[in-house]
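Structural description and commentary
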Amino acid sequence: MAAVESYPDDLRYHEAHDWARIEGGEAVLGITWFAADSLGELVHFEPPAAGSTVTKDEPYGEVESVKAVSDVIAPLTGEVLEVNQKVVDAPETVNEDPYGEGWLVRIRMADATEVDALLDVAAYQSVLASQ
Amino acid sequence: MKLIYERSQAGRRASVIPRPAGLPAPEIPDDLRRAEPPRLPEVPEFELVRHFTELSTRNFGVDTGFYPLGSCTMKYNPRINERLVTLPGFAHLHPHQEEDGAQGALELEWRLQEILKEVTGLDAVSLQPAAGSQGELTGLMLIRAYFADRREGEQRRKVVIPDTAHGTNPASVTMAGYELTDVKTDARGNIDVDDLRAKVDEHTAALMLTNPSTLGLFDENIEEIERIFHGAGALMYYDGANLNAVCGISRPGDMGFDVVHINLHKTFSQPHGGGGPGGGPIAVRKILEPFLPAPAVVRKKDGAFALDHDRPKSIGKVRGFTGPFGVFVRSYAYMRMYGPRLREMSEAAVLNANYVLARLKGAYDLPFDRLCMHEFVLSARNLKRDHGATATDVAKRLMDYGFHPPTIYFPLIVPEALMIEPTETETKETLDAFCDAMLAIAREAADDVEILKSAPHHRPVRRLDEVRAAKNPVVKHAFETAPVA
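About the criteria used
- Residues numbered from 1 in each chain as written.
- Chains lettered and ligands numbered in written order.
- Predicted model: local features only at pLDDT ≥ 70, side-chain atom pairs only at ≥ 80, totals over all residues.
- Helix = DSSP H or I, 4+ residues; strand = E, 2+ residues; numbered from the N terminus.
- Rg over C-alpha atoms; globule rule 2.2 N^0.38 Å.
- Buried ≥ 20, exposed ≤ 12 C-beta atoms within 10 Å, placed from the backbone.
- Contact = placed C-beta atoms within 7 Å.
- Domains from an automatic or database assignment.
- Core = buried A, V, L, I, M, F, W, Y, C linked by C-beta atoms within 7 Å.
- Expected span 1.5 Å × (residues − 1).
- Pairing = 2+ DSSP bridges.
- Right-handed = clockwise from strand over helix to strand, strands pointing away.
- Axes fitted to C-alpha atoms, helices over the stretch in contact; angles between N-to-C directions.
- Arc of directions from axis to C-beta.
- Parallel < 35°, antiparallel > 145°, perpendicular 65-115°, else oblique.
- Left-handed = near helix turned anticlockwise from the far one by under 90°.
- Nonpolar A, V, L, I, M, F, W, Y, C, P; charged D, E, K, R; others polar.
- pLDDT = per-residue confidence, 0-100.

Let's talk about the overall build of chain B
For chain B, the helix and strand inventory stands at 17 helices and 12 strands. Here chain B has a C-alpha radius of gyration of 25 Å; the compact-globule value for 485 residues is 23 Å, and the two agree. In terms of overall dimensions, chain B has C-alpha extents of about 75 × 70 × 45 Å along its principal axes. Across the 485 residues in chain B, those meeting the buried criterion constitute 42%.

Remarks on the overall build of chain A
Tallying secondary structure elements over chain A gives four helices and nine strands in all. Ordered by position from the N terminus, the helices and strands of chain A form the series β-β-β-α-β-β-β-β-β-α-α-β-α. Computed over its C-alpha atoms, the radius of gyration of chain A comes to 13 Å, within 12% of the 14 Å expected for a compact globule of 131 residues. Its C-alpha atoms give chain A principal-axis dimensions of roughly 35 × 35 × 20 Å. Out of the 131 residues belonging to chain A, those deemed buried represent 40%. Across chain A, every contact between residues at least 6 apart in sequence was considered, and the portion connecting residues at least 24 apart equals 64%.

Side note on the domain arrangement of chain B
All names here are of chain B. Assigned domains of chain B: these are domain 1 (80-340) and domain 2 (342-471). Just the C-alpha atoms count here: the centres of domain 1 and domain 2 sit 30 Å apart. Taken together, the contact between domain 1 and domain 2 spans 21 residues of the former and 19 residues of the latter.

With respect to the nonpolar core
Counting 112 residues, the largest nonpolar core has A206, V259, V394 and L418 of chain B as its most contacted members. No other element matches helix α12 (residues 342-360) of chain B, which puts seven residues into this core. Counting contributing residues per domain, this core is built from domain 1 (80-340) and domain 2 (342-471) of chain B, each supplying no fewer than three. If you look at the next biggest cluster of nonpolar residues, it comprises 32 residues, including A36, V80, V87 and W103 of chain A.

Side note on helix α1 (residues 45-57) of chain B
For α1 of chain B, which comprises 13 residues, the first-to-last C-alpha distance of 19 Å matches the rise-based estimate of 18 Å (1.5 Å per residue) to within 8%. Little of α1 of chain B is tucked away: zero of the 13 residues are buried.

Describing the sheet that holds strand β10 (residues 376-379) of chain B
Pairing in this open sheet of three strands is antiparallel, and the strands run β10-β12-β11 (chain B) from one edge to the other. Each of the sheet's edge strands pairs with one partner strand only, and the pair in question is β10 and β11 (407-408) of chain B.

What about the pairing of strand β2 (residues 158-162) of chain B?
Every regular strand shows the same layout, with side chains that alternate between the two sheet faces. Residue and element names in this part refer to chain B. The element β2 is largely enclosed, with a buried count of four among its five residues. Pairing of β2 with strand β3 (residues 179-183) involves five bridges; the strand directions are parallel. If you follow V159 over to β3, its bridge partner there is L180. Handedness of the crossover joining β2 and β3 through helix α6 (residues 168-175): right-handed.

Digging into the sheet that holds strand β7 (residues 69-73) of chain A
Residue and element names in this part refer to chain A. Reading across from one edge, β4-β6-β7 is the order of the three strands in this open sheet, with antiparallel pairing throughout. Edge positions in the sheet fall to β4 (42-46) and β7, since each of these pairs with one other strand and no more. Strand-to-strand twist in this sheet, taken as the mean axis angle between neighbours without regard to direction, amounts to 25°.

A few points about α6 of chain B
Residue and element names in this part refer to chain B. The set of residues buried in α6 consists of N169, S172 and V173. An end-on view of α6 places all buried positions within 105° of arc, on one side of the element. Where α6 is buried, its residues touch α5 (132-149), β2, β3, β4 (204-210) and β5 (235-240). Just beyond α6, the residue with positive phi is G177, at close to 85°.

Concerning unusual backbone geometry
If a residue is not glycine, its phi is most likely negative; likewise, a peptide bond is most likely trans. All names here are of chain B. The step from N211 to P212 runs through a cis peptide bond, and the omega angle for that step is 5°. Its location among the elements puts P212 in the loop between β4 and α8 (222-231). A positive phi angle, near 80°, is found at S71, a position not held by glycine. Summarising the element assignment, S71 is placed in the loop between α1 and α2 (79-85). One non-glycine residue, F321, adopts positive backbone phi at about 55°. Inspection of the secondary structure assignment puts F321 in the loop between β9 (305-308) and α11 (325-338). Classification of F321 as exposed rests on a count of 12 C-beta atoms within 10 Å.

Some thoughts on the packing of α12 of chain B against helix α15 (residues 428-447) of chain B
Residues and elements named next belong to chain B. Packing of α12 against α15 brings their axes to within 10 Å, and their N-to-C directions diverge by 30°. Between α12 and α15, the interaxial angle falls into the category roughly parallel. Where α12 crosses over α15, the handedness of that crossing is right-handed. Note on element contacts: α15 touches α12 through L431, F434, C435 and M438, opposite N352, Y355, V356, R359 and L360. Partitioning the contact of α12 with α15 into residue classes produces seven nonpolar, one polar and one charged.

A closer look at the confidence of the model for chain B
When pLDDT is averaged across chain B, the result is 94; 99% of the residues are at 70 or more. Model confidence for the complex is summarised by a pTM of 0.91, with the ipTM given as 0.81.

Focus on the environment of I413 of chain B
All names here are of chain B. Position of I413 among the secondary structure elements: in the loop between β11 and β12 (417-420). Given 17 C-beta atoms within a 10 Å radius, I413 is considered partly exposed. For I413 and T185, which are 228 residues apart along the polypeptide, the C-alpha to C-alpha distance reads 8.6 Å. Leaving out residues up to four positions away in the same chain, I413 has contacts with D163, T164 and T185.

Quick notes on the environment of V115 of chain A
All names here are of chain A. Counting through the fold element by element, V115 comes out in the loop between β9 (105-109) and α4 (121-129). On the basis of neighbour count, V115 is assigned to the partly exposed category, with 14 C-beta atoms found within 10 Å. Between the C-alpha atoms of V115 and R12, which are 103 residues apart in sequence, the distance is 7.7 Å. Setting aside residues up to four positions removed in sequence, V115 forms contacts with R12, I22 and L76.

Structural data, given as structure tokens:
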């Protein structure tokens, strides 16, 4: 079952419909409900390699539905510590639980000040309102 | 209907394969020889004929109904094309025929090249590429050969593509060994010229542009774009996917483009979409002619037609012989039927699209509200927001009304996109029936969205599980996988 629309207020957002959950010097990244809903049920997630570097505003992976293949944009720069194997095996997890079980990667942040430039939930929702 | 496997009964035969006496056993190594004969469907000839005849009635094509599949130009393909292509002189031609025995065929190819030069406003043509995508790759290879010849090959590594481009454009860039630079679309649906200016420099090899774009909009800044690219020493590639909008009205060569591919199967009535092979000739400016694929079809001083292999700078062959010959016959016939009135084809295509747009734009969102060219892109996001009906639901429901759905979810910059291309060959009655259906569907979404959600209701199959098909594709069907009748 696809999740109902929500945007948790403890997350930071990127206008390319990505979220980051800051946990000390690390961050967990994923795509928002809006992104998952726009794509429809995901059929493939092409993850980055553990140990590789993701760069803020650059693609770090791909998500694919029957409609389209889409780049996933990194909201922050850092080293990939872990890829969510559950999403690799069952990509629809992202549609079912985009902010929980459907996280994509965990990174070690290279520059924690980058977080300041991310959107809070209100700012992200005004991005959505203009879509 | 039953599968051919379900019609099978052991021992039934549609034909008997003769086994002439004294035929030596073929020498097949033991490790390559199969141990058991394959299990194939066993049916008599009339069952076979009925099976495939019934299958053919499940088909939907431009011969059975309206097919407004955006960006595909599904125009009607006149029957006279098929008569001409089966003339013995064309149909029985052997690819290795001597030139003096194939003068008519070579002349047809040469004349087709001359017409395409006129239509594109360029100087030379190669008919070899088999489809638009191969035309793109060939064009980029010409651009690479040109810059290598000028010793700028190492310096110019980037090709610029707008975010509305067909997916084949970035794929061709990668295949040709170039790096991709993306440019944005502005609020009027044109290339964002400021974004462009910041991204074009001495490292840029080329622009790839579809004009009119996949939004069905003619780029209002094309002259400015031309100055930016040629000013930086880069070349311009025209994706001819939407050439049906501008034939005889404006020419890519006059807009400043240096290479163009033409989709004969879209613009010039070669049956496609399961109906036959494509054709993707390219036309180029003089500076690129030396690099065109060889052999070239030429007319010699004495008036005879020949294949010219003496092209030392050519990138080589991109296809067997001179290309898909039957496609050339059909496209040549189509263009000659219009003759100097070819622009009426494009004018009717643009008029039809604007008529349908004018009738539909109150019921569906129109992200870029301008006069369109030969196609336009609506958004079902208003139906999704207000009633929960998506572009997919609209498309599936349209099948119940007897129409092929438009292209959906493309271009990617429009959410819930419905891309509609009526073409020039439809009557006003057909266009009105389609508009009535689209308006009825918008009303159904408001009244009872379940009708859309569970569509189609009146087709041979109901809604297919596309997600399952993508995740678990069954590409081989046999007795073991046939469902029990």
